Amino acid sequence: MTGSRRKNPSDASEGFEAIEPPRTTELVVGVLSVTVLVEVLGVLSGSEVWLLGLLVFLPGAASALCTVRQTKFVAAWTTLFVTATVLLRDVAEGRWLDRLLLVLLTLALGVTSVYACHRRVRREHEMLRLRSTAAAMQRHILHPLPLVTDDVLVNGVYEPVQEDRLVGGDIYEVVASPWGTRVLIGDVQGKGLAAVGTAFAVIGAFREAAYREPTLTALVDVLDAAVVRHNSYAEHAGDDERFVTALVIGIDAHTEEVQAVNCGHVLPRVMHAGTVTAPPLDSGVPLGLAALALEPTTVGWFEFPEGATLLLSTDGLTETRAADGSFYPVDERLAKHLGLSPTELPQVLYEDARAFAGHGGRHDDVAVLTVRRAPRR
């Protein structure tokens, strides 16, 4: 079974691709073609020497697209060709100072282009190493989809809004416990490394407490305490405090009802028998703000029969906006895709939401999970 997730955290260079240099044959043909073109234009215009200035741009273009060795070749070729043309042709015309300045300028730009190419290549290598480190970090933060337990099969899509970032503000996790499978989906307030730190604190606490705590209310209390502790560390470090919207679901193979605690998160959708319903769960306060709540954490129950698909998402899907400000109609679009498999549905919804937003719309990090009960043995 394969996931529909586009970004796999094991792909270290995903989101950053070094510029692929042209083949040597293509490069030589291109340089010779430009040289011949300049020669022909020079002969036709009668200003052959002065048109040589057009060749000065060749090393600059090579520094942005080629390897260091290829850039050195282009710079050497350009310098030698310009020097030969200036010094060996039309000697009687004089104006040696202008010609000498043209040769020196070509040489200087060639050297500068080689240096710029070396800097570019070194930066690309450094970025690839950083991406490898980020990929290793993400493997500890977000496990690759799909995730399977004895109770459920979880598939989905995780997409940061910035293509050059592996980790966004959305989180998810699935843990098999003695009381069934616990599923977490959440959204950390804010972006950047500080948000990643909060995400790691929540997921780490969930992985440990989901197996230890017998009730979802106790599990959520542990998650809230983890965010509070992380915020205290962040405050001492001068960072902003953050909260996390979350939905925690408990699924037991022995009953068709599932438990859920909603901490200010997007409601789930249950797709079954050609219908889409949103269970009426009470919404509590986000993780990290339990001290401000007027009522204790409560558990809701809803039907999740065999053959149904449970859709979990972050507000990156529900709050996607078109250019005219309208929100993405999740329930309406889900009704049109009821025939899709749980493996296909997350990717289709993600792509549909991006198309709905268009170039002038607004979209955020997106996490979409589909949960199906494992076949009974």
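Note that the structure is predicted; figures quoted are calculated from it, not measured.

**Student:** I'd like to hear about a negative patch on the surface, residue by residue, with values.
**Tutor:** Together, Glu235, Asp239, Asp240 and Glu241 give the surface a local cluster of negative charge. By the secondary structure assignment, Glu235 is in helix 7 (residues 216–236). In this structure Glu235 comes out as exposed when scored by relative accessible area, which is 52%.

**Student:** For a nonpolar patch on the surface, give the residues involved together with the corresponding values.
**Tutor:** A contiguous nonpolar patch, built from Leu97, Leu100, Leu101, Leu104, Leu107 and Val111 and spanning about 580 Å² of accessible area, is present on the exposed surface. With respect to the element layout, Val111 can be found in helix 5 (residues 96–141).

**Student:** Help me get a handle on the environment of Gly264, residues and values and all.
**Tutor:** Checked against the element boundaries, Gly264 lands in the loop between strand 6 (257–263) and strand 7 (269–272). For Gly264, a relative accessible area of 30% puts it in the partly exposed group. Sequence separation between Gly264 and Leu247 is 17 residues, and the spatial gap between their C-alpha atoms is 7.8 Å. Discounting chain neighbours no more than four positions away, the residues touching Gly264 are Thr245, Ala246, Ser283, Gly284 and Val285.

**Student:** Tell me about the side chain of His265, and name the residues and values.
**Tutor:** Inspection of the secondary structure assignment puts His265 in the loop between strand 6 and strand 7. At 2.9 Å, the side chain of His265 and the backbone oxygen of Ser313 are in polar contact. Not counting the four nearest positions on each side in its chain, His265 is found in contact with Ile185, Gly186, Asp187, Thr245, Ala246, Leu247, Ser313 and Thr314.

**Student:** Quick one: what's the story with the pairing of strand 11 (residues 366–373), residue by residue and with numbers?
**Tutor:** Counting buried positions along strand 11 yields seven of eight residues, so the element is predominantly enclosed. By the bridge criterion, eight bridges tie strand 2 (residues 152–159) to strand 11 in an arrangement that is antiparallel. Counted as the bridge partner of Val157 is Val368 from strand 11. As paired strands, strand 10 (residues 309–313) and strand 11 are joined by five bridges and run antiparallel to one another. In the sheet register, Leu312 faces strand 11, and the bridge partner there is Leu369.

Parameters and conventions
Residues numbered from 1 in each chain as written. Predicted model: local features only at pLDDT ≥ 70, side-chain atom pairs only at ≥ 80, totals over all residues. Heavy atoms only, no water. Patch = residues over 30% accessible without salt bridge, like charges linked within 9 Å, V, L, I, M, F, W, Y side chains within 5 Å. Areas by Shrake-Rupley, 256 points an atom, 1.4 Å probe, with all protein chains shown as cover. Salt bridge = Lys/Arg side-chain N within 4 Å of Asp/Glu carboxyl O. Lys, Arg positive; Asp, Glu negative; His and termini not counted. Charge placed at Lys NZ, Arg CZ, Asp CG, Glu CD. Helix = DSSP H or I, 4+ residues; strand = E, 2+ residues; numbered from the N terminus. Buried < 20%, exposed > 50% of the residue type's maximum accessible area, 1.4 Å probe, protein only. Contact = heavy atoms within 4.5 Å. Polar contact = N/O pair within 3.5 Å; in protein donor to acceptor, adjacent residues only side chain to side chain. Pairing = 2+ DSSP bridges.

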